[in-house]
2 protein chains.
Amino acid sequence: MADSIKRTELSELGEFGFIKRLTQKIKLGNTSSVTGIGDDAAVLDYKEKQVVITTDMLVEGVHLDLTYAPLKHIGYKAASVNFSDIYAMNAHPKQILVSIAVSNRFSVEALEEVYEGIVLACNTHQVDLVGGDTTSSLSGLVISITAVGEAEKDEIVYRSGAEEHDLLCVSGDLGAAYLGLQILEREKQIFKDNPKIQPDLEGYDYILERQLKPEARKDIIQLLKEFNIKPSSMIDISDGLASEAIHICQSSNVGCSIYEEKIPIDPTAINTANKLNLDPTMCALSGGEDYELLFTIKQPDFEKIKDNPHFSVIGHITDKNAGAQLISKGGHQTELTAQGWDAFLTKEKE
Amino acid sequence: MADSIKRTELSELGEFGFIKRLTQKIKLGNTSSVTGIGDDAAVLDYKEKQVVITTDMLVEGVHLDLTYAPLKHIGYKAASVNFSDIYAMNAHPKQILVSIAVSNRFSVEALEEVYEGIVLACNTHQVDLVGGDTTSSLSGLVISITAVGEAEKDEIVYRSGAEEHDLLCVSGDLGAAYLGLQILEREKQIFKDNPKIQPDLEGYDYILERQLKPEARKDIIQLLKEFNIKPSSMIDISDGLASEAIHICQSSNVGCSIYEEKIPIDPTAINTANKLNLDPTMCALSGGEDYELLFTIKQPDFEKIKDNPHFSVIGHITDKNAGAQLISKGGHQTELTAQGWDAFLTKEKE
């Protein structure tokens, strides 16, 4: 576990002491944040705007591995994945509430590192930390974050608005976060077998950063607004392209065709996949944790994005009866299946 | 662990399967709930009202003991304590988001019992379940709930509004939840020593219910409105009267005098305290988990509540320099100290 040199026990400070120490550094910046930490509840004022709210829980040993992920990165990622859900509604995150359970294996300094990562992500996205809970656990770290955002009523984009002939688009590139995880797992295994061997992470910077420090795509939401495009449907890619495309199809009551050759995959990801004997397309379809945005637009909007390197048109929406299909590079058609990573398959350690 | 006869493994259903099974039963009832579960985030519309938001995390072995608390009660309590925080702002809860981590020791049916308790509390308080996260943990149950409520801007009551000469009031009675816990702990110990002995819980119904199934005091908020009283400050009693009175004093920059003889304690609680060689007043001051409301009112409002059995005037607000004082039945004055239950004192089990 990454830990600072000074070690203060949480029991020395107590819950109130820790909250006091933490909140001294926290300032509110958004007009919708009326009051933050320090009362029974935070007070927000969204005036005529709609409120968008999402929550995610990360559990050590299931979603978090402290052997390779620095605590600050864990905090940053925990906040980012929630912001990503807000952007996926075409809304802007404004506040978060953070609940953390830690065992006494963690020092005050370690817990502060987690919060530093969260606050860094908040600053990047102009989000206020307005509440939360800090408690002990009998084993391991649990982080539960609720993010609140805002949008004008007619700006909000649901999963359910895709229509036949809409174009299916994705931001950035896919599969890299999953391949970053494979490299980290490989080096962890080598280290376990022989702790003297230094981890060999050279050349993997991009895919490691995609895994350890994903960026929620605020820039994409802003670009779409600049281009005067309101997607007909949108979702963020947390469980893999296939799973998310199926979500859009089911919610919108449509089918889709995705062209394998159009799926954007970074060269580092392709090379890594090849080295590990993995199919890059499968990594993009089922890997997950890319936190890119998958969305549909009307055909006339194609002209506005076609030359922008942030966007890839990977297919189109079809009739429901056609199902969700992948058209391979060789022209074969196969039904997409959701093989998103399922946290329930993890075994209990007791 | 209380479990149903049929046992379905969570891994059989998977996360999406469980969410589908769960959400089939969930309906939205509040006009502010635009959309609930089923997208990247829920959408709420509070129009001109202010939004009040709070979050709490409960961890097995720290806040939850499955040896005596039925799973349905655990869910009910987890929701209620969050509603209590919203009422403490003089606001009304309207939505919750529920994140639960469970180990595979829990069946689908067990997890559904937790949700049933949550939904029962939601129905009692007219709250919509609009989002959440269900995941696995390597050990034990973790429940993180975020509650969202509404109030007109000028209705919200903070901890910080108490002024000298205001009357300090409390709803219901105090100390019973703590004493209920002592009885449960006693019987657990007896059971551990000899599993053949049946638990002796007769006559303790009231204090056991106060511990296992606390009710958030919506009725008090409604009564205050009927009486046309807006408290100058308010907080809910989760950590004990002393700790909460000190919170009001610190936030409002005032002192207070609490009269021991005025603290409402139920006869069952007094009898139980005496049997266990505990001081009933100490149980009220430091026991916690009563989820009653502690609030201050202006002196002219006294006439409106003085004959109402739901309210007790237990003291008054003084100058800051006087500190927070307890005046004993014998007339002695002692400074209140916050001995609220501190979750960080729990040892890690690994």
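In this text the structure is predicted, and so the values were computed from the model without any measurement.

### So, the domain arrangement of chain A
Residue and element names in this part refer to chain A.
Here comes step 1: We note that the domain assignment places domain 1 (14-154) and domain 2 (159-340) within chain A.
Here comes step 2: Contacts between the two partners involve 19 residues from domain 1, matched on the other side by 21 residues from domain 2.
Here comes step 3: Across the domain 1/domain 2 interface, buried area totals approximately 2000 Å², and carbon plus sulfur atoms make up 58% of it.
Here comes step 4: By the criterion of area lost to domain 2, the three top residues of domain 1 are Tyr68, Lys77 and Tyr87, representing 32% of everything that side buries.
Here comes step 5: The interface formed by domain 1 and domain 2 includes 2 salt bridges.
Here comes step 6: Among the salt bridges present, the one from Glu289 reaches Lys77, with a minimum N-O distance of 2.8 Å.
Here comes step 7: The interface formed by domain 1 and domain 2 includes 9 residue pairs in polar contact (both at pLDDT 80 or more).

### Quick look at a negative patch on the surface
Here comes step 1: Negative charge collects at one region of the surface, where A:Asp200, A:Glu202, A:Asp205 and A:Glu209 lie side by side.
Here comes step 2: Here A:Glu202 shows up in the loop between α4 (176-193) and α5 (205-212).

### Structural notes on the sheet that holds strand β7 (residues 167-171) of chain A
Residue and element names in this part refer to chain A.
Here comes step 1: One open sheet accounts for 7 strands, arranged β8-β10-β7-β11-β9-β12-β13; its pairing is mixed. The open sheet has two free edges, formed respectively by β8 (233-236) and β13 (333-335), since each of these has just one partner strand. Across the sheet, the mean angle from the axis of one strand to that of its neighbour is 25°, orientation sign disregarded.
Here comes step 2: The pairing of β7 with strand β10 (residues 293-297) spans 4 bridges and is classified as antiparallel.

### Some points on the environment of B:Ala324
All names here are of chain B.
Here comes step 1: Structurally, the position occupied by Ala324 is in strand β12 (residues 324-327).
Here comes step 2: It is 5.6 Å that separates the C-alpha atoms of Ala324 and Leu336, two residues lying 12 residues apart in sequence.
Here comes step 3: For Ala324, the contacting residues outside a window of four places in its chain are Ile246, Cys249, Cys256, Thr334, Glu335 and Leu336.

### Topic: the packing of α4(A) against helix α8 (residues 267-275) of chain A
All names here are of chain A.
Here comes step 1: At a closest axis distance of 9 Å, the pairing of α4 and α8 adopts a crossing angle of 45°. With respect to α8, the axis of α4 lies oblique. Crossing handedness for the pair α4 and α8: left-handed. Contacts from Ala176, Leu179 and Ile183 in α4 reach Ala269, Thr272 and Ala273 in α8.
Here comes step 2: Along the lines of polarity and charge, the residues of the contact of α4 with α8 split into 5 nonpolar, 1 polar and no charged.

### Description of the packing of α4(A) against α5(A)
Residues and elements named next belong to chain A.
Here comes step 1: Across the interface, α4 lies against α5 with an axial gap of 7 Å and an inter-helix angle of 100°. Taken together, the axes of α4 and α5 are roughly perpendicular relative to one another. When α4 is examined against α5, the residues Ala176, Ala177, Tyr178, Leu179, Gly180, Leu181, Ile183 and Leu184 are found in contact with a partner set consisting of Tyr206, Ile207, Leu208, Arg210, Gln211 and Leu212.
Here comes step 2: Within the contact of α4 with α5, the residues separate by chemical class into 11 nonpolar, 2 polar and 1 charged.

### Description of the relation of the copies chain A and chain B
Here comes step 1: Of the two same-sequence chains, chain A is brought onto chain B (RMSD 0.0 Å, axial shift 0.0 Å) by a rotation of 180°. The transformation just described matches what one would write down for a two-fold rotation axis.
Here comes step 2: A symmetric contact is evident, with 99% of the interface residues of chain A recurring at the interface of chain B.

### A word on the environment of A:His125
Residue and element names in this part refer to chain A.
Here comes step 1: Counting through the fold element by element, His125 comes out in the loop between α3 (108-124) and β5 (128-136).
Here comes step 2: Accessibility expressed as a relative area gives 3% for His125, which makes it buried.
Here comes step 3: Not counting the four nearest positions on each side in its chain, His125 is found in contact with Phe83, Tyr87, Pro93, Glu215, Ala216 and Lys218.

Rules used in this analysis
Residues numbered from 1 in each chain as written. Chains lettered and ligands numbered in written order. Predicted model: local features only at pLDDT ≥ 70, side-chain atom pairs only at ≥ 80, totals over all residues. Heavy atoms only, no water. Domains from an automatic or database assignment. Contact = heavy atoms within 4.5 Å. Buried area = accessible area lost by both parts, 1.4 Å probe. Salt bridge = Lys/Arg side-chain N within 4 Å of Asp/Glu carboxyl O. Polar contact = N/O pair within 3.5 Å; in protein donor to acceptor, adjacent residues only side chain to side chain. Patch = residues over 30% accessible without salt bridge, like charges linked within 9 Å, V, L, I, M, F, W, Y side chains within 5 Å. Areas by Shrake-Rupley, 256 points an atom, 1.4 Å probe, with all protein chains shown as cover. Lys, Arg positive; Asp, Glu negative; His and termini not counted. Charge placed at Lys NZ, Arg CZ, Asp CG, Glu CD. Helix = DSSP H or I, 4+ residues; strand = E, 2+ residues; numbered from the N terminus. Pairing = 2+ DSSP bridges. Axes fitted to C-alpha atoms, helices over the stretch in contact; angles between N-to-C directions. Parallel < 35°, antiparallel > 145°, perpendicular 65-115°, else oblique. Left-handed = near helix turned anticlockwise from the far one by under 90°. Nonpolar A, V, L, I, M, F, W, Y, C, P; charged D, E, K, R; others polar. Least-squares fit on C-alpha atoms with pLDDT ≥ 70 in both. Buried < 20%, exposed > 50% of the residue type's maximum accessible area, 1.4 Å probe, protein only.

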